[in-house]
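Residue-level structural notes
So you can see what is in the structure, the chains are spelled out below.
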Amino acid sequence: ELAQRLRGERSTRFGARTLVYAVASGKGGVGKSSVAANLAVALARRGKRVGLLDADVWGYSVPQLFGVRRNPVALNGLMLPLQAHGVRLMSVGFLVADDAPVLWRGPLLHKALEQFLADVHWGELDVLLLDLPPGTGDITLSLLELVPEAALLAVTTPQPAAQAVASRVGRLARQQRMPVAGVVENMSTLVCAGCGEHTAPFGAGGGQRLADELGTELLGRIPLDAALREAGDTGLPVVAGDANAPSAVALTELAARL
Ligand code: ADP
């Protein structure tokens with residue numbers, strides 16, 4: 001139904017009707033990359049052809065989250081994305097040696113993103129997810145320019161402070177006439193492994209408030225779940241490795257809504 005609503009925004013660049021989502025957050029550490037990675041895997045498991053572009057150039061985490069670190073192969077002047085868990089991946093982390101810091105500035109960043117979009121053989125895609133760096137910096141602005149058809153998927157925790165910062169990204173999107181697909185609240189509740197009781201270490205309501213503020217929907221609430229964190233550390237996304245974990249169930253439901 002969301003796809004229906006965004007139909008006008010579908011891109012023809014990566015396939016006949018590709019949905020492009022920019023996964024963004026106000027600040028780091030709210031789980032934006034974890035959500036993007038698991039959403040990509042969940043969509044692939046639903047039979048979609050999915051690409052994930054790690055545009056978090058300084059803080060890239062896709063190689064770690066997917067457990068892949070190889071140099072992409074070039075074919076006819078195009079780089080082939082790496083494949084893992086059914087997702088086509090591209091990250092600056094595949095190109096730099098041994099976790100070297102990336103020191104690129106504005107113009108070079110813009111160029112690199114342009115190449116990630118144009119000089120990568122993505123093939124036909126149903127969905128392309130862009131994992132943006134946190135905030136409203138150079139890369140976010142470049143991507144808005146390079147992929148104007150991307151719809152914003154804003155990730156926040158329930159905490160008022162996180163929601164307030166995320167709303168700046170939302171307002172930037174609105175200003176630039178970027179479509180807003182919806183909000184994902186991450187780290188919503190903590191389920192006690194012993195007694196099953198739900199607690200809310202980061203408070204409640206941030207996701208819904210952000211969605212209201214942006215005039216969009218809260219598409220999903222992902223619980224704080226040790227399984228997700230462990231999965232990220234071992235390079236096997238929780239959705240693929242432990243599909244019954246509470247976070248995996250919520251992320252799979254979220255994928256069904258996109
Ligand atoms: P961001 O991309 O916003 O900086 P990350 O996806 O890198 O955030 O997540 C930050 C940290 O929080 C990581 O260690 C990750 O494993 C952990 N994390 C994210 N979401 C959850 C969750 N729902 N439950 C448990 N840990 C999480």
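- The name an unreviewed UniProt entry gives the chain is Iron-sulfur cluster carrier protein, with Prauserella muralis as the organism.
- Recorded in UniProt under Function (unreviewed entry), the annotation for the chain is "Binds and transfers iron-sulfur (Fe-S) clusters to target apoproteins. Can hydrolyze ATP."

**Focus on helix α6 (residues 160-175)**
- When the terminal C-alpha atoms of α6 are compared, their 22 Å separation across 16 residues agrees well with the 22 Å that a helix rising 1.5 Å per residue should span.
- Restricting attention to buried positions, one finds in α6 the residues A162, Q163, A166, V169, G170 and A173. End-on view of α6: buried residues confined to an arc of 115 degrees, all on one side of the axis.
- Next to the buried residues of α6 lie β1 (19-25), β8 (151-156), β9 (180-191) and α7 (206-214).
- Taken from the residues just after α6, R177 is the one with a positive phi, measuring 60 degrees.

**Thoughts on the packing of helix α4 (residues 106-118) against helix α5 (residues 138-146)**
- Between α4 and α5, whose axes approach to 10 Å, the crossing angle comes to 45 degrees. Comparing the axis directions of α4 and α5 gives the class oblique. The hand of the α4/α5 crossing is right-handed. Only D138, I139, S142, L143 and L146 of α5 make contact with α4, whose side of the interface consists of G106, L109, H110, L113, E114 and L117.

**A short note on the site of the ligand**
- Surrounding the ligand, one finds 18 residues, the nearest of these being G31, K32, S33, S34 and R229.
- For the shell around the ligand, the elements supplying multiple residues, two or more each, are α2 (32-45), β9, β11 (218-224) and α8 (226-234).

**Looking at the nonpolar core**
- Counting 77 residues, the largest nonpolar core has Y21, V23, A40 and L130 as the members making the most contacts within it.
- Per element, the largest residue contribution to this core is nine residues, and it comes from α2.

**Some words on unusual backbone geometry**
- Positive phi, close to 50 degrees, is recorded for N76, a residue that is not glycine.
- Relative to the assigned elements, N76 resides in the loop between β3 (74-75) and β4 (78-79).
- Here the phi dihedral of R177 falls at roughly 60 degrees; this positive angle occurs in a residue that is not glycine.
- Along the chain, R177 turns up in the loop between α6 and β9.
- Assessed through the 8 C-beta atoms surrounding it within 10 Å, R177 is described here as exposed.

**Thoughts on the environment of H85**
- Structurally, H85 can be placed in the loop between β5 (82-84) and β6 (87-91).
- Since 23 C-beta atoms lie within 10 Å of it, H85 is described here as buried.
- Taking the C-alpha atoms as reference points, H85 and G194, separated by 109 residues in sequence, lie 31 Å from one another.
- Each residue touching H85, except ones within four places of it in the same chain, is listed here: V41, A44, F66, P237 and A240.

**Points about the pairing of strand β2 (residues 50-54)**
- By the criterion of burial, β2 is predominantly enclosed, with five of the five residues buried.
- Along β2, one buried face is formed by V50, L52 and D54 and the opposite face, lined by G51 and L53, is buried too.
- Sheet topology note: the β2/β6 ladder contains five bridges and is parallel. When the bridges of β6 are listed, L53 appears paired with M90.
- Here β2 pairs with strand β7 (residues 127-131) via five bridges, running parallel. Looking at the pairing, D54 lines up with D131 of β7.

**Regarding the UniProt feature "binding site: ATP" (unreviewed entry) in the chain**
- According to UniProt, the "binding site: ATP" (unreviewed entry) feature falls on G26, K27, G28, G29, V30, G31, K32 and S33.
- Position of G26 relative to the elements: it lies in the loop between β1 and α2.
- Residues within four places of G26 in sequence aside, it is in contact with P134, G135, T156, A162, V165, A166, R168 and V169.
- With respect to the secondary-structure elements, G29 resides in the loop between β1 and α2.

The rules we used
Residues numbered from 1 in each chain as written. Predicted model: local features only at pLDDT ≥ 70, side-chain atom pairs only at ≥ 80, totals over all residues. UniProt positions renumbered as here; feature names shortened; annotations may be inferred. Helix = DSSP H or I, 4+ residues; strand = E, 2+ residues; numbered from the N terminus. Expected span 1.5 Å × (residues − 1). Buried ≥ 20, exposed ≤ 12 C-beta atoms within 10 Å, placed from the backbone. Arc of directions from axis to C-beta. Contact = placed C-beta atoms within 7 Å. Axes fitted to C-alpha atoms, helices over the stretch in contact; angles between N-to-C directions. Parallel < 35°, antiparallel > 145°, perpendicular 65-115°, else oblique. Left-handed = near helix turned anticlockwise from the far one by under 90°. Near = placed C-beta within 6 Å. Core = buried A, V, L, I, M, F, W, Y, C linked by C-beta atoms within 7 Å. Pairing = 2+ DSSP bridges.

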